[in-house]
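# Architecture and fold: a report
Given next are the chains, with one letter for each unit.
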Amino acid sequence: MAKLYFRYGAMNSGKSTALIQVAHNYEERGMKVKLLKPAIDTKGDQSLVSRIGVERKVDYVIHKYDDLFELFDTITGGEKIACFLVDESQFLTEEQVDQLMKIASVRKVPVICYGLRTDFMTNGFEGSKRLLLIAHSLEELKTICRCGKKAVLNGRKINGEFVFEGEQVAIDDHDEIDYESLCVDCYYKYKDAVK
């Protein structure tokens, strides 16, 4: 039985790198995969870009109103596919996650989604919340905070300063926006310092 997988982690936990490695592993064995990412992820344009510099072109960019089950034949080009790999899956809609579940179930193609569980305010993303509810398998990819503890949350920095309010998705041409993975203790330490 094909399954829907959700592999999640804080920023810098190696999600995109792991996805590219999984694609390589399938292809090394002569199997075909399709890599997808939501259009809202403009980093790398038509490619997945990991923070360690590994890069790979995607096969399909998902738009907000795409029905992924209906587009299955278009995305696969009619080829037999061993696996769908989806990066930045937190940006999917609830309906698109359900469509990926249907691909795994009806089309018998495993779907492995990689993404964040929560935003910089500790709120869930639409796609992540749905994946946490219905995925057959959940796996946390781990990383560490600057203090050395396990990081589970994400801090947003604008021009080098932590911020804890704002839009869930930040696309700003004027300010430098960065993210840092944080343990719970450090997250609240920096949040309390802003008040």
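An account of the accompanying structure is given in this report.

### Considering the nonpolar core
Counting 26 residues, the largest nonpolar core has Leu4, Phe84, Val86, Leu100, Ile103, Val111 and Cys113 as its most contacted members. If you list the elements that add at least two residues to this core, you get β1 (4-8), β5 (60-62), α2 (72-76), β6 (83-86), α3 (94-106), β7 (111-115) and α4 (126-134). The element that contributes the greatest number of residues to this core is α3, accounting for 5 residues. Valine 111 has contacts with Lys3, Leu4, Tyr5, Phe84, Val86, Leu100, Ile103 and Ala104, leaving out every residue within four places of it along the chain. Counting residues in hydrophobic clusters, the runner-up holds 14 residues, among them Ile20, Val58, Cys83 and Leu141.

### Points about the packing of aromatic side chains
Applying the stated rule across the entire model yields 7 aromatic pairs. Here phenylalanine 72 and phenylalanine 84 contribute two aromatic rings whose centre-to-centre distance is 5.5 Å and whose plane-to-plane angle is 20°, an arrangement assigned as stacked. Taken as a pair, phenylalanine 72 in helix α2 and phenylalanine 84 in strand β6 lie far apart in primary sequence, 12 residues in all. Accessibility classification places phenylalanine 72 together with phenylalanine 84 in one group, the buried group. With a centroid separation of 6.2 Å and an interplanar angle of 25°, the aromatic rings of phenylalanine 162 and phenylalanine 164 are classed as stacked. Of the two residues examined, phenylalanine 162 and phenylalanine 164, each falls in the buried class. Members of the aromatic cluster, joined through ring pairs, are Phe162, Phe164, Tyr187, Tyr188 and Tyr190. In this arrangement the basic side chain of lysine 102 is found over the ring face of phenylalanine 69, its NZ or CZ atom lying 4.3 Å from the centre.

### Overview of the sheet that holds β1
Taken in spatial order, the 6 strands line up as β5-β2-β6-β7-β1-β8 in an open sheet, and their pairing is parallel. Looking at which strands have only one partner, the edges of the open sheet turn out to be β5 and β8 (137-140). Each strand of the sheet is rotated relative to its neighbour by a mean of 20°, with strand direction disregarded. Two strands pair when backbone bridges link them, and β1 and β7 are joined in this way by 5 bridges, in the parallel orientation. Residue pairing across strands places tyrosine 5 opposite isoleucine 112, the latter belonging to β7. The sheet contacts of helix α1 (residues 15-28) involve β1, β2 (33-38), β6 and β7, and relative to β7 the element is tilted by about 160°. Each of β1, β7 and β8 is contacted by α4, which is oriented at about 125° to β1, the strand it contacts most.

The rules we used
Residues numbered from 1 in each chain as written. Predicted model: local features only at pLDDT ≥ 70, side-chain atom pairs only at ≥ 80, totals over all residues. Heavy atoms only, no water. Core = buried A, V, L, I, M, F, W, Y, C linked by side-chain atoms within 4.5 Å. Buried < 20%, exposed > 50% of the residue type's maximum accessible area, 1.4 Å probe, protein only. Helix = DSSP H or I, 4+ residues; strand = E, 2+ residues; numbered from the N terminus. Contact = heavy atoms within 4.5 Å. Phe/Tyr/Trp six-rings, centres within 6.5 Å; stacked < 30°, edge-to-face > 60°. Lys NZ or Arg CZ within 6 Å of the ring centre and 35° of its normal. Pairing = 2+ DSSP bridges. Axes fitted to C-alpha atoms, helices over the stretch in contact; angles between N-to-C directions.

None of this, on its own, says anything about what the molecule does.
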